Structures are given as structure tokens and as C-alpha cells.
Amino acid sequence: MIRICFVCLGNICRSPMAEFIFKNLIEQEGLENKIFIESKGTSDEEFGNPIHHGTIKELKKHHIPYQNRTAKYLKKEDYHKFDYFIGMDSFNCQSMKQLFSDDPELKIFRLLDFSPLKKDIADPWYTNNFSLTYEEIEIGCKYLLEYLIKKENF
Ligand code: 4NP
């Protein structure tokens, strides 16, 4: 079982969107018993808060199943609980490196680095452009799945 944690700042906008888009993709591929997926934030500021309505609206628009959930945040002891930490932007990756003592097992990646886009996923908390966020996360998730299928020999 490969364990993946999608990570953003607050865990209410981008990383829950990535969690549910990726869960839907792996269910379509019949890989749900091989990949465990979660999402968390690097900050505890939104801890306990529900998914942002902008994210829910996009998930509904694209018929992506989701469960109501509340925001969680990363702790140092999470490092050993996952094989991949997929940050939405460079700042998320920097914060994780600080928390996880420079990532000795090289588990930290930025989502769009798996794609030709190789850039940050803009934070819709500030841009309010949830549909652009959806498009970019969808691209990143497709390339991530392709990478995992090759790397992990599913
Ligand atoms: P997220 O967006 O990291 O994609 O969940 C944010 C949510 C909340 C805040 C910042 C970004 N905030 O400053 O409270």
C-alpha cells in the first residue's frame, strides 16, 4: 500500500480538492486497494474547519464524489506515516522541509512538477479562481498517477 498525503497551507481549499480528484482517478483505475490518500495543511490556522465552499462547488460541477471533512494539519510524526507528501506550491514544500528535518527520505514533491507545467498551484483563498485551481490540480493528479503506475509497478 502506497500512502500519499496532499498538502497545502490551510487544508480547506487545494489539498482536499486534490484528495478527492485523486481518489476518483484511482477508483477509475481500480487502484483503491493499493493507494491510501489523505490531505493536510502545513498551518493549524484552519484546524477543524470544513472544506471551502469554492472547492465543494468545483467538485460538484465535475461530479467528483467527496465526503464532508474538517481541516487537519501536519505534525512531525506524520513523516513516517506516508510515502509521498505532495505540496501544492513551493512554500508548502519549504514548510514541510522545515517540519521534517530536510526530508531525509526524499518524500516531498510539488504536484505540478510531475507535469510539464512545473509551477505552483495558485491559492484560490487569495485568487478566488477555484476553476483554474481545479484544472491545474486535475492535470497534476493525472501526471502523478502516471508516475506512480510506472514507479511502483502497479
Ligand atoms: P489552502 O488555502 O491552503 O488551499 O487551503 C488557504 C486557506 C486558508 C488560508 C490560506 C490559504 N488562511 O490564511 O486562512
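Here the residue index of a chain counts from 1 through its sequence in written order. Local features in a predicted model are, by the rule used here, given only for residues with pLDDT of at least 70; side-chain atom pairs are given and counted only at 80 or more, and totals for whole chains, interfaces and linings are based on all residues. Hydrogen atoms and water are omitted, and side-chain values are computed over all heavy atoms in the structure.

Caption draft 1: Broad picture of the pattern of salt bridges. A pairing counts as a salt bridge when a side-chain nitrogen of Lys or Arg comes within 4 Å of a carboxyl oxygen of Asp or Glu. Under the criterion given, the structure shown has 14 salt bridges. We note a salt bridge from Asp-83 to Arg-3, for which the minimum N-O separation is 3.2 Å. You can see Asp-83 sitting in the loop between helix H2 (53–61) and strand S3 (84–87) and its partner Arg-3 sitting in strand S1 (residues 2–8), a full 80 residues away along the chain. Three exposure classes are used, based on accessible area relative to the maximum for each residue type with a 1.4 Å probe and protein chains only: buried under 20%, partly exposed in between, and exposed over 50%. The exposure class assigned to Asp-83 is partly exposed, which follows from its relative accessible area of 25%. Here Arg-3 falls in the partly exposed class, since its relative accessible area comes to 27%. Its salt-bridge partner being Glu-58, residue Lys-61 comes within 3.3 Å of it at the nearest N-O pair. The helix and strand labels rest on DSSP assignments: H or I over at least four residues marks a helix, E over at least two residues marks a strand, and numbering proceeds from the N terminus.

Caption draft 2: Examining the site of the ligand more closely. Residues in close proximity to the ligand include Cys-8, Leu-9, Gly-10, Asn-11, Ile-12, Cys-13, Arg-14, Glu-45, Glu-46, Asp-123, Trp-125 and Tyr-126, which together make up its full environment. In this structure, Asn-11 approaches the ligand through a main-chain N or O atom, which is 3.2 Å from an oxygen atom. Contact between the ligand and Ile-12: an oxygen atom at 3.1 Å from a main-chain N or O atom of the residue. Surface accessibility in these figures is a Shrake-Rupley result with a 1.4 Å probe; residues are shielded only by whichever protein chains are displayed. Against a free-state accessible area of 350 Å², the protein chains account for coverage of 93% of the ligand. Within the shell around the ligand, the residues separate by chemical class into six nonpolar, two polar and four charged. Whether a residue is near a molecule or strand is decided by its heavy atoms; if any one of them lies within 4 Å of it, the residue is near. Here a polar contact is recorded for every N or O atom pair within 3.5 Å, except that within protein the pair must consist of a potential hydrogen donor and a potential acceptor, and residues adjacent in sequence are included only if both atoms are side-chain atoms. Note that Gly is not counted as nonpolar here; it falls among the polar residues with everything else outside the nonpolar set of Ala, Val, Leu, Ile, Met, Phe, Trp, Tyr, Cys and Pro and the charged set of Asp, Glu, Lys and Arg.

Caption draft 3: Summary view of the pairing of S1. With six of seven residues buried, S1 is to be regarded as a mostly interior element. Sheet topology places S1 next to strand S2 (residues 35–41); seven bridges connect them, and they run parallel. From the neighbouring strand, Phe-6 faces S2, where its bridge partner is Ser-39. When the strands point away from the viewer, a crossover counts as right-handed if the path from the first strand over the helix to the second runs clockwise. Viewed along the sheet, the connection from S1 through helix H1 (residues 14–28) into S2 turns out right-handed. Two strands qualify as a pair provided DSSP detects at least 2 bridges between them. Bridging between S1 and S3 involves four bridges; their strand directions are parallel. Counterpart to Cys-5 in the pairing with S3 is Phe-85.

Caption draft 4: Structural detail: the state of the cysteines. Only a pair of cysteine sulfur atoms within 2.5 Å counts as a disulfide in this structure description. Counted by the stated rule, this structure contains zero disulfides. In this model Cys-5 remains outside any disulfide bridge; the closest cysteine sulfur is found in Cys-8, 9.7 Å from its own. Of all cysteine sulfurs, the one in Cys-8 lies closest to Cys-93, which takes part in no disulfide; the gap is 12 Å. Relative accessible area serves as the criterion here: at 10%, Cys-93 is assigned to the buried category.

Caption draft 5: Broad picture of the environment of Asn-153. Here Asn-153 shows up in the segment after helix H5 (130–151). Through-space distance from the C-alpha of Asn-153 to that of Asn-92 is 28 Å; in sequence the pair is 61 residues apart.

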